[in-house]
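What follows is each chain in one-letter form.
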Amino acid sequence: MRSSNQSDFALETSSGRFVRVILDDSGGKIFDYAVPHGVEVSPGCRVRVPVRMRTLLGTVLEVTNSSEASGVRFVSEVLKSDAGMNPTLLRLAVWMADYYCCPLEASLRSVLPQVIRKSEMTHQQRQMVRLVGMPDPEAMAALEKRAPLQAAALRALEAAAAPVAASDLNRRTDASHAVVRALEKKGWVAVESERVERDPFRNEQFVEAPALALNPEQAVVFERVCAALEPIGPEAPAPKPFLLYGVTGSGKTEIYLQAIQKVLEQGRSAIMLVPEISLTPQTVERFKSRFAATKHEVAVLHSHLSEGERHDQWHRIKSGKARIVIGARSAVFAPLDQLGLIVVDEEHEPSYKQEEAPRYHGRDIAVLRASLERCAILLGSATPSMESYHNSKQGKYELLTILNRVDDKKMPFIRIMDMRMESKKQNPIISSRLLTALGERIAKREQSILFLNRRGFSTSLLCEKCGYVCQCPNCSVSLTFHRAANRIVCHICGFLGVSPVKCPDCKDPGIRQKGTGTERVEDVVQKLFPKAVVRRLDADVMQRKEAFRETLGAFRTGKIDVLVGTQMIAKGLHFPNVTLVGIINADLGLHMPDYRAGERTFQLLTQVAGRAGRGDVEGEVFVQSYTPFSPAIQFSRHHDFEGFWDQEIDFRRQWDYPPFTHLTLVSIRSEHQARAELSAQTLARRLAEGLPAGVILGEAAPAPLEKSHGQFRYHLMLRTKSVLRLSRHLKAVLEKLPFPEDVHVSIDVDAYQLM
Ligand code: ADP
Ligand code: ZN
């Protein structure tokens with residue numbers, strides 16, 4: 001509705017209702033507006049409101065009975081209810097802004113996709129031509145002579161026996177717009193417009209796949225989950241979150257599918273979150289196929305959708321047409337009503353954390369949303385995060401476990417290769433035993449995966465005479481040599497340089513490539529086994545859009561013997577013919593200045609090892625390490641999650657690290673080192689004044705990555721048991737503290753990225 005003819009001074013005559021509106025793209029300005037009589041409005045609605053001489057879009061935060069403001073004007077327009085968010089999602093947005101210490105505007109932008117906010121995109125329409133009636137044979141004969149195109153179009157419509165899209169008709173019979181118009185005029189056809197969906201899976205057929213009979217271990221878990229799916233009364237507490245710890249290949253996904261099925265049968269809806277990287281065609285296909293059997297539509301949300309596709313997926317969800325949403329992190333904000341279940345697969349995955357404001361954690365938001373919606377939530381992982389496992393030990397979550405693989409397939413046998421011994425031998429990259437094993441697999445036509453979480457050929461170029469290392473001019477890291485491109489590349493900022501043939505400093509020709517990346521591993525293996533098909537999968541290969549799909553497809557169908565890759569191949573993939581996995585350098589993540597280094601290494605090794613032996617033949621894993629006795633490596637070798645957890649949690653408790661506290665990281669950046677440093681120190685001093693009790697404030701210090709993209713970086717680390725109190729303090733201090741223009745400050749609550 002519009003109320004443009006209502007004057008601004010007619011307040012007394014209105015119904016006395018007001019709304020508090022946050023304006024879009026205004027730096028978070030909030031104003032009161034009056035609501036004309038008889039107009040429906042609720043928190044989360046999108047409205048158009050007058051601001052000076054024009055109107056702007058905004059979001060309703062609150063509906064009130066009075067306003068303190070003077071000169072309150074009327075809302076110009078309330079957008080249709082399917083253009084806004086429901087009150088629960090609005091509450092989530094407000095909570096995120098407080099907790100993650102970010103502007104409410106940024107938080108709202110995450111919850112409601114930009115394409116919906118702007119309200120400019122419309123549904124795609126197409127013109128359908130419907131046959132109203134055929135002319136009698138005489139008239140038809142005349143038409144054949146006089147206007148053969150019109151006659152042909154009529155015959156095509158008659159043959160189709162259903163409306164035909166104008167574009168199709170044109171393709172089939174050359175009937176142009178004018179031809180159709182002429183037929184319409186004569187009353188033989190009618191033209192109607194129809195909504196078409198921009199669906200990325202439009203051209204794909206999904207074979208119906210029925211549910212599998214659960215094995216006894218799965219059945220126990222499923223029964224517990226089902227108990228929480230029973231509708232609850234308004235007084236009852238929300239169901240306790242579940243943490244499902246099930247080893248790789250234990251049939252967790254099958255449980256998710258059946259639980260979601262049950263929710264759909266109850267007439268409710270479900271969200272399935274997966275890490276972006278495992279939102280592969282394989283995963284989507286599994287969901288689409290399962291629910292094709294029961295005719296339930298699945299919406300898919302991820303970051304590679306076009307704006308049009310996102311718009312249409314969003315409306316399919318909002319309208320209730322699709323009641324299952326599978327998606328990455330942001331799908332936690334899917335506009336579903338009557339939510340019955342949220343599943344978070346691989347809940348330990350760092351990619352659930354958004355690395356720009358609002359820096360929210362998808363899993364944590366999912367837990368909060370489930371409690372607001374009072375629905376069930378199931379977090380699943382083969383290597384639960386320290387936080388979630390701690391919560392289960394504390395009784396906040398209910399722990400469910402599956403300790404065996406489906407059909408009792410054995411866990412792969414893991415061997416640790418002590419590379420300190422190997423480095424004296426001929427080939428320091430691949431140990432002799434791994435080489436032998438690789439040769440055997442190639443001979444037997446079984447498949448192998450070699451994993452190294454570092455792309456490129458060598459990791460640095462070092463002059464052996466003067467010690468010069470090629471460094472990025474913008475970042476405090478050395479440049480990586482990429483042989484295929486014949487360039488030296490910065491993995492932080494993307495700087496490209498020409499690879500020097502002699503030392504840029506002392507001009508000695510003895511400049512050497514040091515360290516190993518995936519490109520070199522591929523090269524070495526190919527040279528040693530010239531007949532084998534060796535392929536690589538990492539971000540460099542992925543620059544070609546279809547490469548990921550093609551390579552995985554070729555691997556699945558057995559056309560590749562050895563697949564070399566980064567973490568891209570570590571997660572969730574399922575290849576029955578893989579019997580050997582080699583981890584080239586298990587120490588890579590272990591010596592990072594990050595308290596999660598051990599946890600991440602344990603998770604990665606377990607996940608990578610889980611790729612082996614998923615078929616009938618038992619799998620074998622070789623882990624190469626220079627520190628073979630570090631706990632993360634030893635516990636993963638024995639598939640001993642509990643053992644790893646016990647020693648890791650002691651370390652966390654001793655040093656007050658999460659999960660015993662929440663860690664907030666404040667980063668201060670500037671092109672000028674001195675200004676970044678001074679600002680960091682000033683901020684630390686100000687924060688110390690009136691610091692909430694129990695907060696541990698570290699010293700301002702250079703970040704481990706001291707310089708990035710030409711900016712010097714300083715860090716301040718804070719730990720607390722009460723995030724909200726700390727976030728309020730931080731916001732208050734920052735609002736009052738003027739920083740030089742070139743100094744940027746960002747706040748990361750529950751930070752993952754500590755570099
Ligand atoms: P996870 O999610 O724990 O890695 P999946 O659910 O993907 O495990 O199951 C691993 C494999 O076992 C899949 O190929 C799946 O189809 C199969 N599977 C799962 N549950 C059963 C079952 N009850 N009976 C037979 N096969 C099953
Ligand atoms: Zn750089």
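As the structure is a computational prediction, the values presented were derived from the model and not from experiment.

Chemist: Would you mind showing me how to read the overall build of the protein chain here?
Modeler: Helix and strand counts for the protein chain stand at 22 helices and 32 strands. In terms of its C-alpha atoms, the protein chain occupies a principal-axis envelope of roughly 95 × 75 × 65 Å. Counting only residues that meet the buried cut, the protein chain has 53% of its 755 residues in that class. Long-range pairs, those at least 24 residues apart, make up 74% of the contacts in the protein chain between residues at least 6 apart in sequence. Here the protein chain has roughly 35,000 Å² of accessible surface; of this, 51% comes from carbon and sulfur atoms.

Chemist: Any chance you could explain the coordination of the zinc ion (ligand 2) here in plain terms?
Modeler: The textbook angles at a metal center are 109.5 degrees for a tetrahedron of four donors and 90 or 180 degrees for an octahedron of six. Around the zinc ion (ligand 2), the protein contributes the donor atoms Cys472 (SG), Cys475 (SG), Cys490 (SG) and Cys493 (SG), at 2.2 to 2.4 Å from the metal centre. Classification of the site at the zinc ion (ligand 2) rests on its four donor atoms, whose angles at the metal span 106 to 114 degrees, yielding the label tetrahedral. For the zinc ion (ligand 2), the donor residues sit on a single chain with the sequence spacing C-x2-C-x14-C-x2-C.

Chemist: Got a minute to help me understand the sheet that holds strand β10 (residues 242-246) in this structure?
Modeler: One key point about sheets: their strands pair by backbone hydrogen bonds, in either a parallel or an antiparallel sense. Across the sheet, which stays open at both edges, the seven strands sit in the order β12-β13-β11-β14-β15-β10-β16 with parallel pairing between neighbours. In this open sheet, the two strands that pair with only one neighbour each are β12 (297-301) and β16 (398-402). Each strand axis lies, on average, 20 degrees off the axis of its neighbour in the sheet, ignoring direction. Here strand β11 (residues 269-273) runs beside strand β13 (residues 322-327); their pairing, made up of four bridges, is parallel. Across the sheet, the residue bridging to Ala270 is Ile324, located in β13. Its contacts with the sheet put helix α13 (residues 386-393) on β10, β15 (376-381) and β16, and the angle it makes with β10 is roughly 115 degrees.

Conventions and cut-offs
Residues numbered from 1 in each chain as written. Chains lettered and ligands numbered in written order. Predicted model: local features only at pLDDT ≥ 70, side-chain atom pairs only at ≥ 80, totals over all residues. Heavy atoms only, no water. Helix = DSSP H or I, 4+ residues; strand = E, 2+ residues; numbered from the N terminus. Buried < 20%, exposed > 50% of the residue type's maximum accessible area, 1.4 Å probe, protein only. Contact = heavy atoms within 4.5 Å. Areas by Shrake-Rupley, 256 points an atom, 1.4 Å probe, with all protein chains shown as cover. Donors = N, O, S within 2.8 Å, 3.2 Å for Na, K, Ca; no water. Tetrahedral: all angles 85-135°; square planar, octahedral: opposite > 155°, others 65-115°. Pairing = 2+ DSSP bridges. Axes fitted to C-alpha atoms, helices over the stretch in contact; angles between N-to-C directions.

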